[in-house]
Amino acid sequence: MSTKHPEPRRILVVRLSALGDIVMASGLIPALKARFPRAEVSWVCEPVCAPLLKHNPRLKQVIIWPRGEWQALLKARRYLALWRAIRTFRAQLKAEQFDLVLDGQGLLKSGLVAWFTGAPRRVSIIAREGSHRLVHEVVTPPPGADPVMGSEYRYVAHYLGAPQGSFVHDLAVGEAQRARAREVLRERLQAAGENAPGARPLVVLAPFTTRPQKHWVEANWSELGRQMLARGLQPVVLGGPADREAAERICAGQPQLLNLAGALKLDESVALIADAQLLVGVDTGLTHMGSALRIPTVALFGSTRPYREGPTARTRILYDALPCSPCRRRPTCNGAFTCMTGLTTERVLQAAIVQLETQS
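Reference entry: report on the structure contained in this document. Keep in mind that this is a model prediction, so the values were computed, not measured.

## Considerations on the overall build of the chain
Consideration 1: The number of helices and strands found in the chain is 13 helices and twelve strands.
Consideration 2: Taking 21 Å as the expected radius of gyration for a compact globule of 360 residues, we find that the chain reaches 21 Å, a close match to that expectation.
Consideration 3: The dimensions of the chain, computed from C-alpha atoms along their principal axes, are 60 × 40 × 40 Å.
Consideration 4: The buried share of the chain, reckoned over its 360 residues, is 54%.
Consideration 5: For the chain, contacts bridging at least 24 residues in sequence account for 61% of all contacts bridging at least 6.

## Section: the packing of helix 8 (residues 218-230) against helix 13 (residues 345-359)
Consideration 1: With their axes 10 Å apart at the nearest point, helix 8 and helix 13 run at an angle of 45 degrees to one another. Considering their axes alone, helix 8 and helix 13 lie oblique with respect to each other. Helix-helix and strand crossings are classified by hand; for helix 8 and helix 13 the assignment is right-handed. Every residue of helix 13 that contacts helix 8 at N220, E223, L224, Q227 and M228 is listed here: T345, V348, L349 and A352.
Consideration 2: Looking at the contact of helix 8 with helix 13 residue by residue, the classes come out as five nonpolar, three polar and one charged.

## Focus: the pattern of salt bridges
Consideration 1: The final tally for this structure, using the stated rule, is 21 salt bridges.
Consideration 2: Note that R121 and E137 form a salt bridge whose closest N and O atoms lie 2.6 Å from each other. Taken together, the residues span a long stretch of sequence, with R121 in strand 5 (residues 121-125) and E137 in strand 6 (residues 137-139) at a distance of 16 residues. We note that R121, like E137, is buried.
Consideration 3: A salt bridge links R154 to D146; the nearest nitrogen and oxygen atoms lie 2.9 Å apart.
Consideration 4: Residue R154 is classed as buried on the basis of its relative accessible area, which comes to 13%.
Consideration 5: Overlapping salt bridges bring together R10, E40, K60 and E96 as one network.

## Regarding the packing of aromatic side chains
Consideration 1: Counted by the stated rule, this structure contains five aromatic pairs.
Consideration 2: On the numbers, 6.0 Å between centres and 45 degrees between planes, the contact of W115 with F116 is tilted.
Consideration 3: The class for F116 is buried, based on a relative accessible area of 9%.
Consideration 4: For the pair F301 and Y307, a centre-to-centre distance of 5.4 Å together with 85 degrees between the ring planes defines the contact as edge-to-face. For the pair F301 and Y307, one class covers both residues: buried.
Consideration 5: Pairwise contacts between aromatic rings join W65, W70 and F89 into one cluster.
Consideration 6: Above the ring of W115, the side-chain terminus of R90 is found at 4.6 Å from the ring centroid.

## Looking at helix 7 (residues 175-191)
Consideration 1: Here helix 7 is 17 residues long and its end C-alpha atoms lie 24 Å apart, about the 24 Å a rise of 1.5 Å per residue gives.
Consideration 2: Burial in helix 7 covers these residues: Q177, R178, A181, V184, L185 and L189. Each buried residue of helix 7 sits inside an arc of 135 degrees when the element is viewed along its axis, so together they form one side. Relative to its buried face, helix 7 has exposed residues pointing more than 90 degrees away, namely E175, A176 and A191.
Consideration 3: Against strand 7 (202-206), strand 8 (234-237), strand 9 (258-259) and helix 10 (266-275) lie the buried residues of helix 7.
Consideration 4: Following helix 7 by one or two positions, G193 has its phi on the positive side, about 90 degrees.

## Some remarks on the sheet that holds strand 10 (residues 278-282)
Consideration 1: In space, the six strands of this open sheet follow the order 9-8-7-10-11-12, with parallel pairing throughout. If you trace the sheet from one side to the other, it starts and ends with strand 9 and strand 12 (315-318), each paired once.
Consideration 2: Where helix 10 meets the sheet, it contacts strand 7, strand 8 and strand 10, and its direction lies at approximately 130 degrees from that of strand 7.
Consideration 3: Set on the sheet, helix 13 makes contact with strand 10, strand 11 (297-300) and strand 12; between it and strand 12 the angle comes to about 165 degrees.

## A few points about a nonpolar patch on the surface
Consideration 1: On the surface, L108, L112 and W115 cluster together into a nonpolar patch covering about 230 Å² of accessible area.
Consideration 2: Given the relative accessible area of 31%, L112 is considered partly exposed.

## Focus on the nonpolar core
In globular proteins that are soluble, nonpolar side chains generally tend to be buried together.
Consideration 1: Among the nonpolar cores identified, the biggest contains 63 residues, and L28, L32, W43, L272, I273 and M289 are the most heavily contacted of them.
Consideration 2: For this core, the element with the highest residue contribution is helix 10, accounting for five residues.
Consideration 3: Contact partners of L28, with chain neighbours within four places excluded, come to V13, L102, Y153, V156, A157 and F167.
Consideration 4: Within the second largest apolar cluster, 31 residues are counted, among which are M228, A261, L300 and A351.

Calculation criteria
Residues numbered from 1 in each chain as written. Predicted model: local features only at pLDDT ≥ 70, side-chain atom pairs only at ≥ 80, totals over all residues. Heavy atoms only, no water. Helix = DSSP H or I, 4+ residues; strand = E, 2+ residues; numbered from the N terminus. Rg over C-alpha atoms; globule rule 2.2 N^0.38 Å. Buried < 20%, exposed > 50% of the residue type's maximum accessible area, 1.4 Å probe, protein only. Contact = heavy atoms within 4.5 Å. Axes fitted to C-alpha atoms, helices over the stretch in contact; angles between N-to-C directions. Parallel < 35°, antiparallel > 145°, perpendicular 65-115°, else oblique. Left-handed = near helix turned anticlockwise from the far one by under 90°. Nonpolar A, V, L, I, M, F, W, Y, C, P; charged D, E, K, R; others polar. Salt bridge = Lys/Arg side-chain N within 4 Å of Asp/Glu carboxyl O. Phe/Tyr/Trp six-rings, centres within 6.5 Å; stacked < 30°, edge-to-face > 60°. Lys NZ or Arg CZ within 6 Å of the ring centre and 35° of its normal. Expected span 1.5 Å × (residues − 1). Arc of directions from axis to C-beta. Pairing = 2+ DSSP bridges. Patch = residues over 30% accessible without salt bridge, like charges linked within 9 Å, V, L, I, M, F, W, Y side chains within 5 Å. Areas by Shrake-Rupley, 256 points an atom, 1.4 Å probe, with all protein chains shown as cover. Core = buried A, V, L, I, M, F, W, Y, C linked by side-chain atoms within 4.5 Å.

These values are about where atoms sit, not about what they do.
What follows is the structure in structure tokens.
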């Protein structure tokens, strides 16, 4: 760190969304604590992401950016009320007297939040949408230099002088949430006729994400669950409330293939994953949680490939480098999604069994 910057006492990480990126950025917490052991580290995010952070004892606080409230005021054309809400939030941030702010999102909205703090040192990763004007320093990781999950956040940690090896993904599990996840699982197992709940190794299936080109075939998930049950494993389908209907289709006709989509809150889902012996999922936040929690994980990537390697050998990535991959948000296959359909059930099952047997 340059000598012109005094050692910070209060640090703020600005990563407002999305769930998977919050997970990947969580390694900043131990890295910053290792670099600045006397500093307090806080985080600002949207309400939906707060459960991933609020149980972490290494964070002083989690500050909520009330994006939904602001949008509602804007939609209602209550401009004066919106201005007052923004001014109140800015005053809240300035009152914290942060010395160092890291904008881990690099967008206009996150840049504005960083700027609201008035911190004397504001550092952004990449910086797009003109947000470079709202910070003092922009850190641009060289593309492809680091293949491991969370590379851009690890790069900025090293830029700030964090020791090698201090960037370790940091998801904390709440004890009440752990107890609740176990209770729900036990109840569902008993309802499915399982006489010895917990006897089978727990496997979390995470089929759901935001874009169709990132999905694996529903019928494949059903077959994968069937074959796992036949091998003495206990698969459960995990997702949010919006995923219930698709999860029901996957689990149809297999009472012991448990549908927990929408049954758990986000931090309870983290707790369930922490108890699992294996996770299989697509490019979604739940899959990244498995990797961050060091659970043996098989990640199915196709139109996206957020990283080429997990943080440890416990994560195995299945990805076929087709000429059109990764297309990200611009598929060219007219809905065929061959990057994902090419991942056969047999191949995924074999990878899962290897991870379970060699990494548990």
